[in-house]
Amino acid sequence: MGVTNDVTTDATAEFESHRPRMFGLAYRMLGSADEAQDIVQDAYLRFCATEPGSVAHPGAWLAKVVTNLCLNRLTSARTRREQYAGPWLPEPVLTSDGTLGPLESAERRDAVSFALLLLLERLTPTERAVYVLREAFAYGYREIADVLDLGEANCRQLYRRSQARLAAPEARFAPSEQVRHALVEAFVEAAREGDLAALEKLLAADVTWWGDGGGKASAARRPVEGREKVLRFLAGLGQGIAAGMTYAVAEVNGAPALLVRSGERLFCVVSFEVRADVVVIARAVLNPDKLAFMSRQLARP
């Protein structure tokens with residue numbers, strides 16, 4: 001009995017050393033923190049069920065298991081997203097606590113941004129796996145081929161194809177972190193005060209506001225386009241929800257974002273794409289199911 005417990009403890013300790021990396025892989029593949037947690041838990045159970053000592057390279061073995069579990073889930077996820085009520089956005093994740101690994105460079109922050117996660121939706125599941133393993137985890141083509149049971153030349157071709165399909169839009173050329181943070185702080189202050197004149201100065205003429213309520217929270221079913229329409233939308237929104245709301249800035253998916261709380265409940269998370277010194281795209285997640293993971297993050301000491 002004691003030997004079995006020791007083996008389980010050793011397997012758990014080994015797995016835990018890989019958990020953050022596996023979660024980061026699953027999240028980038030799926031755009032869903034809750035689903036990524038499910039995948040990682042499934043991988044843990046499979047790892048514990050292997051014969052002790054039979055896995056020579058646990059990190060590579062787990063990456064293969066997690067990737068293939070994600071590929072299976074992406075096939076059904078595409079159908080669900082086509083039936084989703086209103087626009088679909090990824091689940092927001094606080095990144096200041098290292099949940100998605102160290103984001104010490106602009107490239108690493110960009111790799112977990114809403115903008116890139118949405119661009120990844122253009123790819124087939126296999127293209128997405130190749131791109132994430134190559135870009136986010138610096139896997140060589142031989143390693144990717146081993147994970148996906150594909151030829152090395154095929155993986156190179158898939159990567160080149162994914163790069164072409166993700167041709168960088170102008171919004172990816174973002175200003176400095178200081179400028180972005182100052183802009184979001186100004187947006188939060190204007191929202192807190194209900195100052196539409198101040199908000200107007202922060203929005204590009206061609207700004208677009210996306211809202212993801214998933215049919216479970218009130219949100220625009222179509223993107224709101226243009227500064228005047230967005231301002232009218234925000235004015236109506238403010239009248240409906242302002243009472244009892246608090247506003248704050250936090251690092252979400254590698255960039256400063258607006259957090260709106262109703263009492264202790266996380267009500268909304270808004271991420272921003274910035275060009276020069278104005279907001280060009282705002283993405284608001286209101287679906288309470290998609291805020292559950294981040295709410296647990298915020299509740300931690």
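Refer to the structure presented above.
Quick summary incoming for the structure in this document. (Residues numbered from 1 in each chain as written. Predicted model: local features only at pLDDT ≥ 70, side-chain atom pairs only at ≥ 80, totals over all residues. Heavy atoms only, no water.)

Looking now at the overall build of the chain. Of the regular secondary structure elements, the chain holds twelve helices and six strands. Structurally, the chain occupies a C-alpha span of about 65 × 45 × 40 Å along its principal axes. Sequence separation of at least 24 residues holds for 66% of the intrachain contacts in the chain that already meet a minimum separation of 6. For the chain, the accessible surface area stands at approximately 14700 Å², while carbon and sulfur atoms represent 52% of it. Of the charged side chains in the chain, 36 are positive and 38 negative, and the gap between their average positions amounts to 5 Å. (Helix = DSSP H or I, 4+ residues; strand = E, 2+ residues; numbered from the N terminus. Contact = heavy atoms within 4.5 Å. Areas by Shrake-Rupley, 256 points an atom, 1.4 Å probe, with all protein chains shown as cover. Lys, Arg positive; Asp, Glu negative; His and termini not counted. Charge placed at Lys NZ, Arg CZ, Asp CG, Glu CD.)

Among the secondary structure elements, T67 is positioned in helix α3 (residues 58-82). Here T67 falls in the buried class, since its relative accessible area comes to 0%. Side-chain polar atoms of T67 contact the backbone oxygen of A63, separated by 2.7 Å. Beyond its immediate sequence surroundings of up to four residues, T67 is in contact with L25, M29, A129, L133, V147 and L148. (Buried < 20%, exposed > 50% of the residue type's maximum accessible area, 1.4 Å probe, protein only. Polar contact = N/O pair within 3.5 Å; in protein donor to acceptor, adjacent residues only side chain to side chain.)

This brings us to the sheet that holds strand β3 (residues 245-252). Spatially, the six strands line up as an open sheet ordered β2-β1-β6-β5-β4-β3, and their pairing is mixed. Because the sheet does not close on itself, it has two edges, and the strands there are β2 (224-225) and β3. In this sheet, strand β6 (residues 278-285) lies alongside strand β5 (residues 265-275) in antiparallel orientation, the contact comprising seven bridges. Counterpart to V274 in the pairing with β6 is V279. Strands in contact with helix α12 (residues 288-299) are β1 (203-212), β3, β4 (255-262), β5 and β6; relative to β5, the strand with the most contacts, it is inclined by about 100°. (Pairing = 2+ DSSP bridges. Axes fitted to C-alpha atoms, helices over the stretch in contact; angles between N-to-C directions.)

Moving on to the nonpolar core. Core analysis: the biggest nonpolar cluster contains 52 residues, and F23, L25, Y27, M29, V66 and L120 have the highest contact counts within it. Of all the elements in the fold, those that place two or more residues in this core are α1 (2-30), α2 (33-48), α3, α5 (114-119), α6 (125-135), α7 (141-148) and α8 (152-165). Among the elements that take part in this core, α1 stands out by supplying nine residues, more than any other. Among residues more than four places away in sequence, those in contact with V66 are M22, L25, A26, I39 and A43. Formed by 28 residues, the second largest nonpolar core is a distinct cluster that contains W209, A220, L258 and V274. (Core = buried A, V, L, I, M, F, W, Y, C linked by side-chain atoms within 4.5 Å.)

Once that is clear, we can look at the pairing of β4. Among the eight residues that make up β4, six are buried, leaving the element largely enclosed by the rest of the structure. Bridge count between β3 and β4: eight bridges; the pairing is antiparallel. Bridge assignment links T246 to a residue of β4, and that residue is R261. Turn length for the β3-β4 hairpin, with the two strands adjacent in sequence and antiparallel, is two residues, and the turn residue N253 shows positive phi of about 50°. Sheet topology places β4 next to β5; five bridges connect them, and they run antiparallel. Residue pairing across strands places V260 opposite C268, the latter belonging to β5. Remark: two residues form the turn of the hairpin made by β4 and β5, two consecutive strands paired antiparallel; G263 in that turn has positive phi of roughly 65°.

This paragraph deals with unusual backbone geometry. One non-glycine residue, A138, adopts positive backbone phi at about 55°. With respect to the element layout, A138 can be found in the loop between α6 and α7. Its relative accessible area of 61% is what places A138 among the exposed residues. Not every positive phi belongs to a glycine, and A276 is a case in point at roughly 55°.

So, on to the packing of aromatic side chains. Counted by the stated rule, this structure contains nine aromatic pairs. A centroid spacing of 6.4 Å and a plane angle of 40° characterise the contact between F15 and F47, whose relative ring orientation is tilted. Of this pair, F15 sits in helix α1 while F47 sits in helix α2, placing them 32 residues apart in sequence. Using a relative accessible area of 7% as the deciding quantity, one classes F47 as buried. In this structure an aromatic cluster arises from ring pairing among F15, Y44, F47 and W61. Here R134 stacks its cationic end above the ring of Y141, 4.2 Å away from the centre of that ring. When the ring centre of Y159 is taken as reference, the NZ or CZ atom of R134 above it lies at 5.8 Å. (Phe/Tyr/Trp six-rings, centres within 6.5 Å; stacked < 30°, edge-to-face > 60°. Lys NZ or Arg CZ within 6 Å of the ring centre and 35° of its normal.)

When the terminal C-alpha atoms of helix α9 (residues 177-193) are compared, their 24 Å separation across 17 residues agrees well with the 24 Å that a helix rising 1.5 Å per residue should span. Among the residues making up α9, those that are buried are R180, L183, V184, F187, V188 and A190. The buried residues of α9 all sit within an arc of 165° when viewed along its axis, so they share a single face. Opposite the packed face of α9, turned more than 90 degrees from it, sit the exposed residues Q178 and E193. (Expected span 1.5 Å × (residues − 1). Arc of directions from axis to C-beta.)

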